[in-house]
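# What the coordinates show
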Amino acid sequence: RQTCCICCLLGCAAEFYVIDDRIGLGREFDGIGGLSGGGATSRLLVNYEEPYRSHILDFLFKPNFGASLHILKVEIGGDAQTTDGTEPSHMHSKGEGNFFLGYEWWLMKEAKKRNPNIKLIGLPWAFPGWVGEGTQWPYFFPNVTADYVVSWIYGAKQHHNLDIDYIGIWNERKYDPVYIKLCVLKYSLYSVHYPGTKTVKEALLTEKKLWSSEDYSTFNDDIGAGCWARILNQNYVNGRMTSTISWNLIASYYKNLSFGGDGLMTADEPWSGHYVVESPIWMTAHTTQFTQPGWFYLQTVGNLTHGGSYVALTDRKGNLTIVIQTMVATLNAFDLLLQFCLYLIFLNLKAHLTDLQVWYSKLDFKTKNDTLFQRSSPIKVYNGSFTLKLDVDEVYTITTVNTGQKGAYPEPPKSQPFPKNYSDDFTIDNPPFSEAPFFADQTGVFEYFRNSTDNGSHAFTLRQVVTERPVTWARDAYQTISIIGDYSWTDLSVSCDVLIETPVTGGVFLAARVDQGGESVREAKGVFYWISANGTFKVTNDIGGRRVLAEGLSGTREGVWYTLTLRVKGYFATGMLNGYPLWKNAVVLEPKNGWAALGTLSFEYAQFDNFKVNAE
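The rules we used
Residue positions are counted from 1 within each chain, in the order its sequence is given. In keeping with the model being predicted, local features are shown solely for residues with a pLDDT of at least 70 and side-chain atom pairs are shown and tallied solely at 80 or more, while totals for entire chains, interfaces and linings include all residues. As a convention, hydrogens and water are excluded, and side-chain values are obtained from all of the structure's heavy atoms. Runs of E in the DSSP output that reach at least two residues are strands. Runs of H or I that reach at least four are helices, and both are numbered from the N terminus. Restricting the calculation to C-alpha atoms gives the radius of gyration, and the globule rule supplies 2.2 Å times the number of residues raised to the power 0.38. Between buried and exposed lies partly exposed: a residue is buried under 20% and exposed over 50% of the maximum accessible area for its type, with that area taken using a 1.4 Å probe on protein chains only. Pairing of aromatic rings covers Phe, Tyr and the six-membered ring of Trp, with a centre-to-centre limit of 6.5 Å; geometry is then stacked below 30 degrees between planes, edge-to-face above 60, and tilted otherwise. Strands qualify as paired when DSSP identifies two bridges or more between them. A fitted line through C-alpha atoms represents every axis, and for helices the fit uses only the stretch in contact; the resulting angles, taken between N-to-C directions, go from 0 to 180 degrees. In what follows, a contact means two residues having at least one pair of non-hydrogen atoms within 4.5 Å. Two N or O atoms form a polar contact when they lie within 3.5 Å of each other; inside protein one atom must be a possible hydrogen donor and the other a possible acceptor, and for residues adjacent in sequence the pair counts only when both atoms belong to side chains. Within this scheme, the nonpolar core is defined by two criteria: the residues are buried Ala, Val, Leu, Ile, Met, Phe, Trp, Tyr or Cys, and they are joined through side-chain atoms within 4.5 Å. Here a salt bridge means any side-chain nitrogen of Lys or Arg lying within 4 Å of a carboxyl oxygen belonging to Asp or Glu. UniProt positions are given in the numbering used here, feature names are shortened, and annotations may be inferred rather than shown by experiment. For the charge count, each Lys or Arg is scored as positive and each Asp or Glu as negative, with His and the chain ends excluded. Roughly parallel here means an angle under 35 degrees, roughly antiparallel means over 145, roughly perpendicular means 65 to 115, and every remaining angle is called oblique. For any helix crossing, the convention is left-handed if the near helix is rotated counterclockwise from the far helix by under a right angle, and right-handed if that rotation is clockwise. Each residue is assigned to one class: nonpolar for Ala, Val, Leu, Ile, Met, Phe, Trp, Tyr, Cys and Pro, charged for Asp, Glu, Lys and Arg, and polar for all the others, Gly among them.

## Remarks on the overall build of the protein chain
What the protein chain contains, in helices and strands, is seven helices and 35 strands. By the compact-globule yardstick of 25 Å for 616 residues, the protein chain fits well, its C-alpha radius of gyration being 27 Å. C-alpha extents for the protein chain along the principal axes are approximately 90 × 55 × 40 Å. Split into buried and exposed, the 616 residues of the protein chain put 61% on the buried side.

## Brief notes about the packing of aromatic side chains
Per the stated rule, a full pass over the model turns up 42 aromatic pairs. Considering the side-chain rings of Y139 and W170, the 5.8 Å spacing of their centres and the 80 degrees angle between planes classify their relative orientation as edge-to-face. Here W170 lies in the loop between β6 (166–167) and α4 (177–182) and Y139 lies in the loop between β5 (119–124) and α3 (142–160), a separation of 31 residues in the sequence. Comparing Y139 with W170 shows no difference in burial state: the two are buried. Look at F418 and F438: their rings are 5.5 Å apart centre to centre, the planes differ by 85 degrees, and that puts the pair in the edge-to-face class. Placement of the pair is F418 in the loop between β20 (394–399) and β21 (421–424) and F438 in the loop between β21 and β22 (440–443), with a sequence separation of 20 residues. Of the residues examined, F418 reaches a relative accessible area of 3% and is grouped as buried.

## With respect to the sheet that holds strand β30 (residues 548–553)
Judged by pairing direction, the sheet is antiparallel, and its seven strands sit side by side in the order β22-β25-β34-β27-β28-β29-β30 without closing on themselves. A single partner strand is all that each edge strand has here, and the edge strands are β22 and β30. Each strand axis lies, on average, 20 degrees off the axis of its neighbour in the sheet, ignoring direction. Across six bridges, strand β27 (residues 507–514) lies against strand β28 (residues 525–532) in antiparallel orientation. For A511, the partnering residue across the bridge sits in β28 and is F528.

## Side note on the environment of K406
In this fold, K406 is placed in the loop between β20 and β21. Spatially, the C-alpha atoms of K406 and I481 are 41 Å apart, while their sequence positions differ by 75 residues. What K406 contacts, discounting residues up to four positions off in sequence, is F65, W282, W359, L372 and F373. A polar atom in the side chain of K406 sits 2.7 Å from the backbone oxygen of L372.

## Thoughts on the sheet that holds strand β9 (residues 243–247)
Pairing between the strands of a sheet comes from backbone hydrogen bonds, and it takes one of two forms, parallel or antiparallel. One open sheet holds the seven strands; their spatial order is β6-β5-β4-β3-β9-β8-β7, and the pairing between them is parallel. Edge positions in the sheet fall to β6 and β7 (189–193), since each has one partner strand and no second. Contacts from helix α2 (residues 104–114) reach β3 (31–36), β4 (71–76) and β5 within the one sheet, and its direction differs from that of β4 by about 170 degrees. Along the sheet, helix α6 (residues 222–237) makes contact with β3, β8 (209–216) and β9, crossing β8 at roughly 175 degrees.

## Thoughts on the nonpolar core
What tends to happen in soluble globular proteins is that the nonpolar side chains get buried as a cluster. Of all hydrophobic cores here, the largest spans 77 residues; its most connected members are I56, F61, L72, M108 and M283. Other than its neighbours up to four places away in sequence, L72 contacts G34, S36, F61, L107, M108, A111, I118, K119, L120, I121 and L249. Judged by nonpolar contacts, the second largest core, of 72 residues, contains F418, Y448, A512 and F608.

## Side note on the pattern of salt bridges
One pass over the full model with this rule turns up 17 salt bridges. Between K255 and D268 there is a salt bridge, with its nearest N and O atoms 3.3 Å apart. Of the two residues, K255 is situated in the loop between β9 and β10 (266–269) and D268 in strand β10; the sequence distance between them amounts to 13 residues. Using a relative accessible area of 9% as the deciding quantity, one classes D268 as buried.

## What about the UniProt feature "domain: Glycosyl hydrolase family 59 catalytic" (unreviewed entry) in the protein chain?
Mapped onto this numbering, the UniProt entry annotates "domain: Glycosyl hydrolase family 59 catalytic" (unreviewed entry) at residues 29–181 and 192–289. Counted over residues 192–289, helix gives 32% and strand 22%. Its end C-alpha atoms are 25 Å apart.

## Details of the side chain of E214
Note on placement: E214 falls in strand β8. Although E214 lies buried, it forms no salt bridge, and the closest oppositely charged side chain, K73, sits 4.9 Å away as judged by the N-O distance. In this structure the side chain of E214 is engaged in a polar contact, spanning 3.5 Å, whose partner is the side chain of H193. With sequence-adjacent residues up to four places away left out, E214 is seen in contact with L35, W125, N171, E172, V192, H193, Y194, I245 and W247.

## Examining the UniProt feature "active site" (unreviewed entry) in the protein chain
Per the UniProt entry, the sites bearing "active site" (unreviewed entry) are E172 and E214 in this numbering. Maximum C-alpha separation among the annotated residues is 10.2 Å over a sequence range of 43 residues, consistent with a single clustered spot. What makes E172 partly exposed here is its relative accessible area of 40%.

## Considering the packing of α2 against α3
For the pair α2 and α3, interaxial distance at closest approach is 12 Å and the crossing angle is 60 degrees. By the angle class used here, α2 and α3 are oblique. α2 and α3 meet at a crossing whose hand is right-handed. Contacts between α2 and α3 involve W105, M108 and K109 from the former and W152, G155, A156 and H160 from the latter. The residue inventory of the contact of α2 with α3, partitioned by class, reads four nonpolar, two polar and one charged.

## Description of helix α1 (residues 52–61)
Think of an α-helix as turning once every 3.6 residues; residues three or four places apart then point the same way. Along α1, eight of the ten residues are buried, which leaves the element largely enclosed by surrounding structure. Taken together, the buried positions of α1 are occupied by R53, H55, I56, L57, D58, F59, L60 and F61. Where the residues of α1 are buried, they touch β4, α2, β10, β11 (274–276) and α7 (279–288).

## Description of the environment of L232
Secondary-structure assignment places L232 in helix α6. Put simply, L232 and I428 are 196 residues apart on the chain and 44 Å apart in space, counted from C-alpha to C-alpha. Excluding residues that lie within four positions of it along the chain, L232 makes contacts with I32, T244, M283 and T284.

Right, here's the structure in full:
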């Protein structure tokens, strides 16, 4: 064995590590992934125009370009709020499947188009109400739930030619063993969410694959990037987890919803085309561009003495990749890292280890002048060893793989706020997606609808289609609601044609200054202008209708189109019905700003048309 003599850096002792395959290999590497869903986290991505939408997808999925993800995990929509919105189910009602609702099918196909080898995972967060048979538990009739989930798998194949590689049970909830048996599922692996890089002893003893199938959940700034880089190494070093999946894939939802700005990159302005390739993309690339599922970790991996960690992987065909991370500043640990000497005892690869490719990143929290995924000069291997000088908050990839690339496109358009004047008449004969652009459903599901009973001005509408409370995951409102616009809007006028479909008990609303969505939608405040099929109206300061600002007779009923207009300026709000004042000067002390919205009084059918908003 050769020894390695090195000089000290900054007066501290050097560190010496060995990569050795003589004791055998470690666990098989299963890949790095991103999660679209849990929920509606990719909602705005579909509304980007080309070429920007394709550019974003390339940064996520294209091999040797950006994040180059190995795995895409998606939500099996359940018509319910699952963090940042609702995703539509493929079966709103029993026996009526539609495998073209939502955008996850599209996203999986786009990922496969770029990387045919990408693995696909489906997981339900919520279920349509009929699955629970009127309860909030999907396993009272496990055969019903099993048929529902299996139909999604078959639908993926039959309608989209997508093979689903893994299926989850129920996100972060208890499961039923009878259901597992009915689904003919087998426990191919154990997965955990947010493990803190640790695995319990009992899981290790099973010798099954161990995954962190949801992790990260951090703002995609440099602090988040450091967290992600650390997780990617230490989930294996500390927990022997062979796959890590980021929640979420991309921050493509209104930033004032829950966990705004999480994800590997940001694309929340389809109206402008602006997006940001954030630093977590390049932390991901340090691993994904130089490994593939089916590679194996070496057993000689570990933590660095002064902070950080290193892993080594091989394809057993002559390639070796080593990833070193020193992300300690994000943990408030500022020990200086030193000269790093790595001695290679690699019987199968020794002849190939002469010049190693080097890729380097540095998160500079002092100057904010980061270096991200930069190709450096190759490292010379002398007598089976090489040295590196390491500092805090760096990532190095040292590899025999020479196909790495830092992909780039021309700068996207500059950031712009949501248009102050916006309208949509929902007239589209063959919509590419079931949702209208920019509307973000927070409870219920609002879809394009071809109104066969009206060949006139309301032949194409937007319809709320969830008619019973789903088996929920979050605290959905008891009303349905879809938001749109700029959270900073204060003074505005919003109007919409509305059709109540439910006799007597039915109702719809138009709203402004809506201040809550996501998991807090039940507590949303704003100005809510309601009309009901029983001939009354009400103006409330909250979605639950607890604080009434005005109320009275409206003469409204089901089956008739009405035009609602809501104007809010300063501390006062006024409402019109079919162009005539119905109420005025309701006092609105709070909130001061928020989105525009529309919705229904309960889980009921209702239609909307000719939506317009004008903000000052």
